Each structure stands twice: as C-alpha cells, then as structure tokens.
Amino acid sequence: MRRTTLTNDFSWSKSRHEKFSECLRAYYLYYYRSWGGWEAEAPKDVRELYVLKKLNNRYSWAGSVVHECVRDVLLDWQAGRSVELADVEARARRLMQDDFRHSVKKAYWTQKHRKPFTGLVEHEYGEPVPDEAWKQNWETVRQALGWFFSSRWPALARSLKPAQWLEVDAGFDFSSFTLDGVKVFAIPDFAYVDDTGAPVVVDWKTGKARDGYDEQVLGYALYVSQRYKLPVEKVRASLVYLNEGLEQDVQVDLAAMEAFKARFAQSVASMRGMLTDVATNTPKDATAFPMTENVAMCVRCAFRRPCGRLEAAAQFQAQQQQAQGPAPTPKVA
Ligand code: SF4
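Note that residues are indexed from 1 along each chain, following the sequence as it is written. A pLDDT threshold of at least 70 governs which residues receive local features in this predicted model, and a stricter bar of 80 or more applies before side-chain atom pairs are shown or counted, although totals over entire chains, interfaces and linings include all residues.

Split by domain assignment, the protein chain resolves into domain 1 (11-153 + 290-324) and domain 2 (161-276). Here the C-alpha centre of domain 2 lies 23 Å away from the C-alpha centre of domain 1. Between domain 1 and domain 2, the contact holds 20 residues from the first and 23 residues from the second. When residues of the side of domain 1 that touches domain 2 are traced back to their parent elements, those giving at least two are strand E1 (11-12), helix H1 (14-22), helix H4 (58-78) and helix H7 (131-150). Residues of the side of domain 1 that touches domain 2, tallied by class, amount to 10 nonpolar, 8 polar and 2 charged. As annotated, the domain borders come from an automatic or database domain assignment. Here, residues touch in the contact sense if the C-beta positions derived from the backbone fall within 7 Å of one another. Helix and strand definitions follow DSSP, with helices as H or I runs of at least four residues and strands as E runs of at least two, each counted in order from the N terminus. When residues are sorted by character, Ala, Val, Leu, Ile, Met, Phe, Trp, Tyr, Cys and Pro go into the nonpolar class, Asp, Glu, Lys and Arg into the charged class, and all the rest, Gly among them, into the polar class.

A word on H1. Partly exposed residues are those whose C-beta has more than 12 but fewer than 20 other C-beta atoms within 10 Å; 20 or more makes a residue buried and 12 or fewer makes it exposed, with C-beta atoms placed from the backbone. Along H1, the residues classified as buried are Lys 14, His 17 and Phe 20. Seen from one end, H1 has its buried residues packed into an arc of 125°, which puts them on one side. Buried positions along H1 lie against E1, helix H2 (24-33), helix H9 (213-227) and helix H10 (254-272). The arc in question is traced by the directions running from the helix axis to the C-beta atoms.

So, on to the site of the ligand. In this analysis, residues qualify as near a molecule or strand once their C-beta atom, positioned from backbone atoms, comes within 6 Å of it. For the ligand, the set of nearby residues contains 13 residues, the closest of which are Cys 23, Met 291, Cys 298, Cys 301 and Cys 307. Looking at the shell around the ligand, the elements with two or more residues in it are H2 and helix H11 (304-307). Here the element with the most residues in the shell around the ligand is H2; it accounts for 3 residues. Among the residues forming the shell around the ligand, the class breakdown is 9 nonpolar, 1 polar and 3 charged.

With that out of the way, let us pick up the nonpolar core. Of all hydrophobic cores here, the largest spans 68 residues; its most connected members are Val 66, Val 201, Ala 221 and Ala 237. In terms of residues, this core owes the most to one element, H4, which gives 9 residues. In this structure, this core is formed jointly by two domains, domain 1 (11-153 + 290-324) and domain 2 (161-276), each of which donates at least three residues. Beyond its immediate chain neighbours, meaning those up to four positions away, Val 66 contacts Val 141, Ala 144, Leu 145, Trp 204, Thr 206 and Leu 242. As used here, a nonpolar core is made of buried Ala, Val, Leu, Ile, Met, Phe, Trp, Tyr and Cys residues. They are joined through C-beta atoms within 7 Å.

Pairing analysis gives 2 bridges linking strand E2 (residues 165-167) to strand E5 (residues 190-193), with the strands arranged antiparallel. Looking at E5, one finds that Trp 165 is bridged to Tyr 192. Pairing of E5 with strand E6 (residues 199-205) involves 4 bridges; the strand directions are antiparallel. If you follow Ala 191 over to E6, its bridge partner there is Val 201. Connecting the antiparallel pair E5 and E6 is a turn made up of 5 residues, with Gly 197 showing a positive phi of about 90°. In this scheme, strands are said to pair when DSSP sees at least two bridges between them.

For helix H3 (residues 44-53), every residue scored as buried is listed here: Leu 49, Val 51 and Leu 52. The buried residues of H3 occupy an angular sector of 165° when projected down its axis, which confines them to one face. Residues of H3 that are buried in the fold lie against H2 and H11.

Here the focus is the sheet that holds strand E4 (residues 182-185). Strand order in this open sheet of 3 strands is E1-E4-E3, and the pairing throughout is mixed. Where the open sheet ends on each side, the last strands, each with one partner, are E1 and strand E3 (176-179). Examined bridge by bridge, E1 and E4 share 2 bridges and lie parallel to one another. For Ser 11, the partnering residue across the bridge sits in E4 and is Lys 183.

One open sheet accounts for 5 strands, arranged E2-E5-E6-E7-E8; its pairing is mixed. Of all the strands in the sheet, just E2 and strand E8 (246-250) have a single pairing partner and so form its edges. Neighbouring strand axes in the sheet, compared pairwise and without regard to direction, differ in orientation by 25° on average. Pairing geometry for E6 and strand E7 (residues 236-241), over 6 bridges, is parallel. Considered in E7, the bridge of Asp 203 is made with Leu 239. Across the sheet, H9 lies against E2, E5, E6, E7 and E8, angled at about 145° from E6, the strand it touches most. To define axes, lines are fitted to C-alpha atoms, for helices over the stretch in contact only, and angles between the resulting N-to-C directions are given on a 0 to 180 degree scale.

So, on to the packing of H4 against H7. Following both chains from N to C, one finds H4 and H7 inclined at 30°, their axes separated by 9 Å at the closest point. Here H4 is positioned roughly parallel relative to H7, judged by the angle of their axes. Once H4 is placed against H7, the crossing between them reads as right-handed. Judged by residue contacts, Arg 58, Ala 62, Val 65, Val 66, Cys 69 and Val 70 of H4 engage Asn 137, Thr 140, Val 141, Ala 144, Leu 145 and Phe 148 from H7. Orientation categories follow fixed angle ranges, with anything under 35 degrees roughly parallel, anything over 145 roughly antiparallel, 65 to 115 roughly perpendicular, and all other angles oblique. A crossing counts as left-handed when the near helix is turned anticlockwise from the far one by less than a right angle, and as right-handed when that turn is clockwise.

Here it is in structure tokens:
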C-alpha cells in the first residue's frame, strides 16, 4: 500500500491564535516540534511532545464528552431516532469511567484508546486531585446534558425538515474554508436553517462566558456562508452555555465580519513572522519562541516537563493554593 506523505501545512484556527498569544514556546512545541511524533521511528523527544499535546485536562475532558454526547443526540434526531436522557447519561458515565481507567494507568504512552481522548495532564503530572473534584467534573457533564434536554433545543432540532439541517460538529476533515489563501478550521457544533430561511450557527459551551467566544462564532458564520453560499449578514450566531442555562446571540453583520477579517490578517501575519520559509511553513529556531513570563500559564500546560517549567509551575501552584485556595477553573471548550 502506498503511504501518503503528510506535510505540516500552515492553517489558522481560533485555538491556534490563542496558543500563539499565550505562550510562543507552547505554540512552537504544539504546532512544529511535535510534528511526526506519531511515527514509530520518531525521535524520543518528538514522540514525548506528541503524546503530551494530545492530553486533556479534566475541564476540557468534561467539555469534550458533553460535545460528543450532544452531537450524537442531534444526529439521532436528524435520523428520526428517539433518545432518552437517562441513556445518554449512562453512556457518558461509562465513557468517562473507561477514559479514567485508561488515563490513570498512563496507558496513553503505549496504547491507543479513542481519538477524542488519550489521557489527562492531572495523571501525567501526578497532580493531587481530590475525589470530590473528579465527582464535580462528572456533575458538570450531567448538569449540561440535563439542561440541554430540558431546553428549547430538542423540540427545535426534531422539528427541522431534512433540508434545514446543515451540519453537526462535522470535524476537521470537513469543516474548513479558505480566507486570504489560508486554510481556516471552523467547526460549528450545530448549523441549520431556521423557519425564516436564516442560517444559524450554534456553539455549545460548558464553561463560563468569557471574551473571545464571539470571535469564534464569527469564524463559524463566515465558514457557513462560504460553504453553503449564503450571504454572511443573514447568518445568526448563538453561544449556548449549557451549565449556566444561558444563550447569547452574537451580532453578525458586515462591520463585524470586516473587523474579524482584519484581526485574522494580523494574526496570520504575526504567525508568518515566526517562519523562515512561508511556503514550506518552516519555523525559526526554537530560541525565537520564548517561554512565557507568566508562570500561571504553565500550571495546566502539558509541556511543563520537557519545557523545563515543572518545578516552577508546581511552586507557583502551591503558593497560589496557600494564598487563595485552589487555582481558578481554566477555560474550556
Ligand atoms: S510550560 Fe509554560 S513556558 Fe513552557 S510551553 Fe508551557 S506555558 Fe509555555
């Protein structure tokens, strides 16, 4: 069988932009140095970075399980199948129990598990997480699913005619578009056409509201408008906070899109400024990507050991816990 050679092509996403803004070293390790770490013959340090970059933390894990469950439920409704909340909850619980068992043994170093989940940074770095915190993590999932089922969304989804469904969390292989010659990944959790004929993009959130989410859904709006050849100003965008039971509409108009495109162009230019060759997406030397001075960023970073910030991050966390109690909950999807 012929093997396809993968190339590390430049692309843009909101999460890439965030990593670039938060810590250039993490950005370099994530998008460049770990490249090829899936190969059996990869150098040991590259392999290590690759395994580490795939790890979740417990908050992003809870968020991704909720997203997977809601995606499966929507696909069932699209296919006309009925779904009970109790079954979805039971499936989520089994999934998380399996994930936990896999992660606590650090089996991610030697075994494949499932694509959206390999393991947890808490286990990799032996972080002392009380049982109560793990239980709370499950509660986050249960609560989000419970609210979703009690919200207006089940009735809305079941009322859609086949032609009104656009896509449901279709993944990286499907949901991308090109902007100024750059491949942009934008994967809406749910996109459909409402009864007035307006396309709607929806993003489920399990964390609290924060800045930057508007930007993410503006990208989804642009994607949907390009893929389905619909005027962008007709797109409606919604952020739905499943744990808070809140919905927030995001203004999509030509002014908002122009502002988004300007910020996108600036972000791409900054990222390209860190390359020695734009055509081949070849980065400058590692020394051009400094470690962040904000050690608080390192506390949840999967790369803290190979980066050399293991001790500094642990000390920072201990000091913070002494001074203020537990570290704040990081943002999640
Ligand atoms: S440990 Fe800190 S400095 Fe190192 S890559 Fe992670 S965030 Fe950046």
